[in-house]
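Reading the structure
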Amino acid sequence: MAAAGQGMLLLVALCLFASVAGVDRNNFKTCEQSSFCRRLRSLEPQTSEFEVLPQSLQQFKQYITLTLVHQRTRHEFVLKLACLKGAGSFHMQVDEREPLSVRYRVQEALVQEPQYASTKVESTSGTLIMVACGEAPDVKAAVQVAPFKVDFFQQGRLVVTANGKGMMRFEHLRRKPEPKTEQQLQEEAAANRGEQKEDGGEQQAEPAAPADDDPGAWEENFKSHHDSKPKGPEGLALDFTFPQAKVLFGVPEHADSFALRHTATKGTDPYRLYNLDVFEYELNNGMALYGSVPVVYGHGETATAGVFWLNAAETWVDVFSANRDTDVVSSLVNLVSWNSQTEPPAANFISESGIMDVFVLLGPGPIDAFRQYTDLTGKGPLPQLYAIAYHQCRWNYNDQRDVEMVSAKFDEYDIPMDTMWLDIEYTDGKRYFTWDHHKFPHPVEMIRNLTGLGRHLTIIIDPHIKRDGGYFFHNECTDKGLYVKNKDGGDYEGWCWPGSASYVDFFSPDARRYYADQYLLTNFREQAETVGIWNDMNEPSVFNGPEVTMLKDNLHHGGLEHRDVHNLYGHMQLIATFDGLLRRGEGRLRPFILTRSHFAGSQRYAAVWTGDNMAEWGHLQASIKMCLSLAVAGISFCGADVGGFFGNPDGELFSRWYQTGAFQPFFRSHAHIDTKRREPWLFPEDVRLVIRDAIRKRYRLLPFWYTAFYEHERRGLPIMRPLLAHYPADVNAFAIDHQYLLGDQLLVAPVLDQKQQRSRDVYFPVRADGQGDWWYDWDTQQKHTGTGVEAIPVDSYKVPVFQRGGTIIPTKERIRRASTLMRHDPYTLTVVLDREGRAKGTLYIDDEESYEYRHGHYLYLEFEFRDGVLSSRKIDMTASYKTDTWLERVVIAGLGKHPTAATLYTDASGAASGRLHLERDGDVVTVRKPGVSMRDAWSIRLDF
């Protein structure tokens, strides 16, 4: 990939990314190698050294404060506790009362500053302070004075305890001690021997913190890299116990099971949250990956609760599992048998710096807890329709002719495709906001040609900037002081794809504005307002840096140390990119951004993919686990590189991956530059036809997907959901992560193993009333009425997907080359009935690209079937949109008897508009061509 003069870069890259070796663990720290983790980690319960001074209680209308004191050092801290508006959550902060310097508090993750409600002290004594929320009297907190802990109650049940294991640590800022003199060392030795001073008094040593004896407290080395640690030790830790829970989940991003494993064992690392560029990452462990979302949930049959630990520094999370003898497994063959437990699960958060800034989400159910989290960090905005269709990418399409050929081939083989992608080779020598005009002589014409076919282009723009005196962007950043600085105040220089590079300081408002301005058509002229942007390598990736990232003692705008904000760096780039694209489209078009690095709240700006995976069955399985974990952490727009980024998938793996990707929110095929070309037509015909079928399934369901994304923005609930979200009392479903729900309508169980060639075991969950829902095979409408594991026959085309009885799903059956060309096509409704013979569903319609929907230009419809009548009505009566779409077909399953006629009614008077044609196929009834506009209120009555 290198151009002339990049030999050193090649050497660095080859050392880091040798294709045969996979991830080199030696490049990344363990907890033992990270001094603050080593120092603050606790594997067994402790007696907390923190206590509350009850006389320090101050009551305000919306919060209370208390003084905490460390019993040994006598250092004082301030505890702030507040109820959040909307009920069901508490905000708890702990910071030093008088720090030597201001400790960093994360600013950009929340959608707004926390909104407090009435917070009242119900009672107080010398040992306990009871706090209640005025908006929700059943939501309470009990602050224990000594040893300090806080119990959180929901509806009379204890659901979360902070510091219940006594693992709280808070290293106060201090001045670096001077080297001890020989006399001091002798006096310390004498004190340790219990000797007396000459005056007869016993030697009294100053209180010391554990950090004082840690050689990594004031400076630290990892391999050849030095961290100067100018502020010294400043770590913190706090444990949270979930008394009602049997399983913990969350804290993405990790290539591990959805249900978190027990880690609090010597020799096992905690889950790590530290955004890193990890090459060919391993499966089934808690190594840090590209993103960090510090939210964990505890779930049991009767309650769900969560903890959002708002900290952007390096963080480790130890998990104390309810089942320590065996790992949590998700195999359907060996469903987890939850035994009675002596102690509930817990999570211990350990961060390098910052303050304790904690949101306790009290549910009481999983859906409630998920909504409480997105109320804080924001909902993912509705994307343009094309963004949720199919994307075609590789590193790299060679040139303009290659792009146009690939696009034409999709048409030749009648395979839908919406977006072509270009990786770094499109640029002029890895200079972003430029083109290589030898390979792409007419980029605007290329974009226009794609647009004429209904397609889009997405290009990559990374945060590293080539240090080149002939490059305008570098010169401007240098002159304006817009780069991240090293500890001595000079522009930081590292190595990445361009060779020598510096990094935009996205924490600077001026840098963000300048960077965002480059997306404007007046600056980056050879693009269009329709072009999507791919922000990669934004952990940030630094090939010659510690752990392939930036030095922690680098400096950002305002004197921020990089260690405080590391996990936010990519998030800040997204803010700038989003601003640029929004202004490029003059506020009209919805931006599309894909990011690798992410943090809490990144869902407000971008989609996320799971990074540099491999062409292996295990990585196919991991795509579901990882996207489920991201979904419950607010990031619903998630997908994985179909086929695996590294390696060459065989036909079976490739086609099965397409079938899985077609039922995940973000659907893109991508591959490494050293892999074989893998466009669908390069595989044998039998494989190509299966891939085509999978992609067409996606396009058929686009109305369902688009409605799901709208409802996600409206309500903040995950699109892709674990079974426990809607079957919270089904213990056997808690750890299942090889199948999942889309909304509450579809159960998806793709074939994920070579062994599943003839059948796929599917688990049908149990409701709280002990019964199961009816599930209808999406392809055949065959009804499944039982619960538990059932072997579903499969062939090469079969994707086991089931529609829940009682739901109505909209589709479009006229599949075209791109989703943009289907805008005016008619709808089909698939109605499957529950045990009561009823069903409901929704459909969202707008212009599929602009923000006009936020000004009331849309239709949000509800369909209902009951007593033999299917009807449509507007949910938002004041909204309107002039759509040309109409109802082409209605498919109804589960009637139990055959109708003899169907009549359409289209006006308020109730007058019939005409008889409709009925077809029967077994137990499935199809109503052909009602022909009614989707804008109108209507009903269809079945006669029996």
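Residues numbered from 1 in each chain as written. Predicted model: local features only at pLDDT ≥ 70, side-chain atom pairs only at ≥ 80, totals over all residues. Heavy atoms only, no water.

In the annotation of an unreviewed UniProt entry, the entry for the protein chain reads Glucosidase II subunit alpha, and the organism field reads Anopheles melas. As stated in UniProt under Subcellular location (unreviewed entry), the record for the protein chain gives "Endoplasmic reticulum". Regarding the protein chain, the relevant UniProt record gives this comment under Pathway (unreviewed entry): "Glycan metabolism; N-glycan metabolism." (UniProt positions renumbered as here; feature names shortened; annotations may be inferred.)

This paragraph deals with the environment of Phe50. Here Phe50 lies in strand β1 (residues 50-59). The buried category is assigned to Phe50, whose relative accessible area is 1%. Between the alpha carbons of Phe50 and Met167 there is a distance of 9.9 Å; along the sequence they are 117 residues apart. Among residues more than four places away in sequence, those in contact with Phe50 are Val69, His70, Phe77, Val145, Pro147, Phe148, Met168, Arg169 and Phe170. (Helix = DSSP H or I, 4+ residues; strand = E, 2+ residues; numbered from the N terminus. Buried < 20%, exposed > 50% of the residue type's maximum accessible area, 1.4 Å probe, protein only. Contact = heavy atoms within 4.5 Å.)

The UniProt entry lists residues 381-708 under the feature "domain: Glycoside hydrolase family 31 TIM barrel" (unreviewed entry), expressed in the numbering used here. Taken end to end, residues 381-708 comprises 34% helix and 12% strand; its first and last C-alpha atoms sit 11 Å apart.

Under the defined criterion, the tally for this structure stands at 3 disulfides. Between Cys83 and Cys133 runs a disulfide, and the two sulfur atoms are separated by 2.0 Å. Of note, the bridge from Cys83 to Cys133 carries an S-S torsion of about -90 degrees and is left-handed in sense. Note that Cys83 is positioned in strand β3 (residues 76-83) and Cys133 in strand β6 (residues 128-133), a separation of 50 residues in sequence. On the basis of relative accessible area, Cys83 is assigned to the buried category, the value being 0%. Put simply, Cys627 and Cys638 are joined by a disulfide, and their sulfur atoms are 2.1 Å apart. Where Cys627 bonds to Cys638 through sulfur, the torsion about that S-S bond is close to -75 degrees, and the disulfide is left-handed. Of this pair, Cys627 sits in helix α11 (residues 617-632) while Cys638 sits in strand β30 (residues 638-639), and the two are 11 residues apart along the sequence. Of the two residues, Cys627 and Cys638, both sit in the buried class. Look at the protein chain and number its bonded cysteines as they come in the sequence; the links are 1-2, 3-4, 5-6. (Disulfide = S-S within 2.5 Å.)

The next subject is empty space enclosed by the protein. Taken as a whole and judged by the stated rule, the model has 12 cavities of 30 Å³ or more. Empty space within the largest cavity amounts to approximately 190 Å³. Lining the largest cavity are 19 residues, and of these Pro381, Pro383, Gln603, Ala606 and Phe637 sit closest to its centre. Of the residues in the lining of the largest cavity, the class split is 14 nonpolar, 4 polar and 1 charged. Of the voids in this model, the second largest cavity is the one considered here, and its volume is about 140 Å³. (1 Å grid on protein atoms, 1.4 Å probe; cavity = no way out; pocket = protein on both sides within 12 Å on 5 of 7 lines; lining within 4 Å. Points joined across faces, edges and corners; volume = space filled by probe spheres on them. Nonpolar A, V, L, I, M, F, W, Y, C, P; charged D, E, K, R; others polar.)

Attention now goes to the pattern of salt bridges. Under the counting rule described, the total for this entry stands at 72 salt bridges. Where Arg590 meets Asp846, a salt bridge forms, and the shortest distance between an N and an O atom there is 2.8 Å. A residue pair is termed long-range when its members are at least 10 positions apart, and Arg590 in the loop between α10 (569-584) and β28 (593-595) and Asp846 in the loop between β43 (839-845) and β44 (859-866) qualify at 256 residues. With a shortest N-O distance of 3.9 Å, Arg715 and Glu711 are connected by a salt bridge. Of this pair, Arg715 and Glu711 both sit in helix α14 (residues 702-715), separated by 4 residues, roughly a single helical turn. Overall, Glu711 belongs to the buried group, its relative accessible area being 16%. One network of salt bridges, in which partners are shared, links Asp227, Arg272, Glu314, Glu352, Glu547, Lys552, Glu561 and Arg563. (Salt bridge = Lys/Arg side-chain N within 4 Å of Asp/Glu carboxyl O.)

Of all 6 residues in strand β18 (residues 315-320), 6 are buried, a share of seventy percent or more. Alternating positions in β18 separate into two faces, Thr315, Val317 and Val319 on one and Trp316, Asp318 and Phe320 on the other, with burial throughout. Summarising the sheet, strand β15 (residues 271-273) and β18 pair through 3 bridges and their orientation is antiparallel. The residue of β18 that forms the bridge with Leu273 is Thr315. In this structure, β18 lies alongside strand β19 (residues 346-351), joined through 6 bridges in antiparallel fashion. (Pairing = 2+ DSSP bridges.)

Partitioning the protein chain into structural domains gives domain 1 (32-172 + 232-324 + 343-377), domain 2 (389-461 + 592-704) and domain 3 (736-943). The gap between the C-alpha centroids of domain 2 and domain 3 is 28 Å. Of the roughly 3,300 Å² buried between domain 2 and domain 3, counting both surfaces, carbon and sulfur atoms make up 60%. Seen at the junction of domain 2 and domain 3, the total is 2 salt bridges. By residue class, the composition of the side of domain 2 that touches domain 3 is 16 nonpolar, 6 polar and 11 charged. (Domains from an automatic or database assignment. Buried area = accessible area lost by both parts, 1.4 Å probe.)

We now examine the sheet that holds strand β27 (residues 532-535). Read from one edge to the other, the open sheet built from 9 strands follows the order β30-β29-β28-β27-β23-β22-β21-β32-β31, with strand pairing classed as parallel. Each edge of the sheet is formed by a strand with only one pairing partner; in this case those strands are β30 and β31 (641-642).

Further remarks concern the side chain of Thr811. Tracing the chain through its elements places Thr811 in strand β41 (residues 807-811). Setting aside residues up to four positions removed in sequence, Thr811 forms contacts with Arg700, Leu701, Pro703, Trp778, Pro826, Tyr827 and Thr828.

Time to look at unusual backbone geometry. Backbone torsion omega between Ala146 and Pro147 reads -10 degrees, so that peptide bond is classified as cis. Inspection of the secondary structure assignment puts Pro147 in the loop between β7 (136-144) and β8 (149-154). Residue Pro252 is joined to Glu253 through a cis peptide bond whose omega torsion reads 25 degrees. Take Glu253: it is sitting in the loop between β14 (247-250) and β15. Here the phi dihedral of Asn163 falls at roughly 65 degrees; this positive angle occurs in a residue that is not glycine. Within the element layout of this structure, Asn163 appears in the loop between β9 (157-162) and β10 (169-170).

When two helices pack together, their arrangement is given by the angle between the helix axes and by the axis-to-axis distance. The geometry of helix α13 (residues 685-700) relative to α14 is characterised by a closest axis approach of 5 Å and an angle of 55 degrees between their N-to-C directions. The angle between the axes of α13 and α14 places the two elements in the oblique class. Contacts between α13 and α14 involve Arg698, Tyr699 and Arg700 from the first element and Leu702, Pro703 and Trp705 from the second. In the contact of α13 with α14, the residues fall into 4 nonpolar, no polar and 2 charged. (Axes fitted to C-alpha atoms, helices over the stretch in contact; angles between N-to-C directions. Parallel < 35°, antiparallel > 145°, perpendicular 65-115°, else oblique.)

Considering all chains together, one arrives at 61 aromatic pairs under this definition. An angle of 80 degrees between the planes, with centres 5.2 Å apart, marks the rings of Phe308 and Tyr373 as edge-to-face. Here Phe308 is found in strand β17 (residues 304-309), whereas its partner Tyr373 is found in helix α4 (residues 366-377), with 65 residues between them in sequence. Seen in terms of ring centroids, Tyr515 and Tyr519 are 5.4 Å apart; in terms of plane orientation they differ by 85 degrees. Their pairing is edge-to-face. (Phe/Tyr/Trp six-rings, centres within 6.5 Å; stacked < 30°, edge-to-face > 60°.)

Another aspect to go through is the sheet that holds β1. Across the sheet, 8 strands lie side by side as β1-β2-β3-β4-β20-β17-β16-β14; this open sheet has antiparallel pairing. In the strand order of this sheet, the two ends are held by β1 and β14, each with one partner. The average undirected angle you get between the axes of adjacent strands in this sheet is 20 degrees. Where β1 lies against strand β2 (residues 64-70), 6 bridges are found, and the strand directions are antiparallel. Residue pairing across strands places Val52 opposite Leu68, the latter belonging to β2.

All right, on to α10 then. End to end, α10 covers 23 Å across 16 residues, agreeing with the expected 22 Å (1.5 Å per residue, within 8%). The element α10 is extensively covered by neighbouring structure, given that 13 of its 16 residues are classed as buried. Residue Glu586 follows α10 closely and has a positive phi angle near 55 degrees. (Expected span 1.5 Å × (residues − 1).)

Below, the discussion takes up the confidence of the model for the protein chain. The predicted coordinates should not be examined in detail at positions where pLDDT is low. Put simply, the protein chain has an average pLDDT of 93, and 93% of its residues get 70 or more. Long-range and interchain partners of residues 1-20, a stretch whose pLDDT sits below 50, account for 30 contacts in this model, where long-range means more than four residues apart. In this model residues 325-338 is a low-confidence stretch, pLDDT under 50, and it forms 34 contacts with partners more than four residues away in sequence or in other chains. (pLDDT = per-residue confidence, 0-100.)

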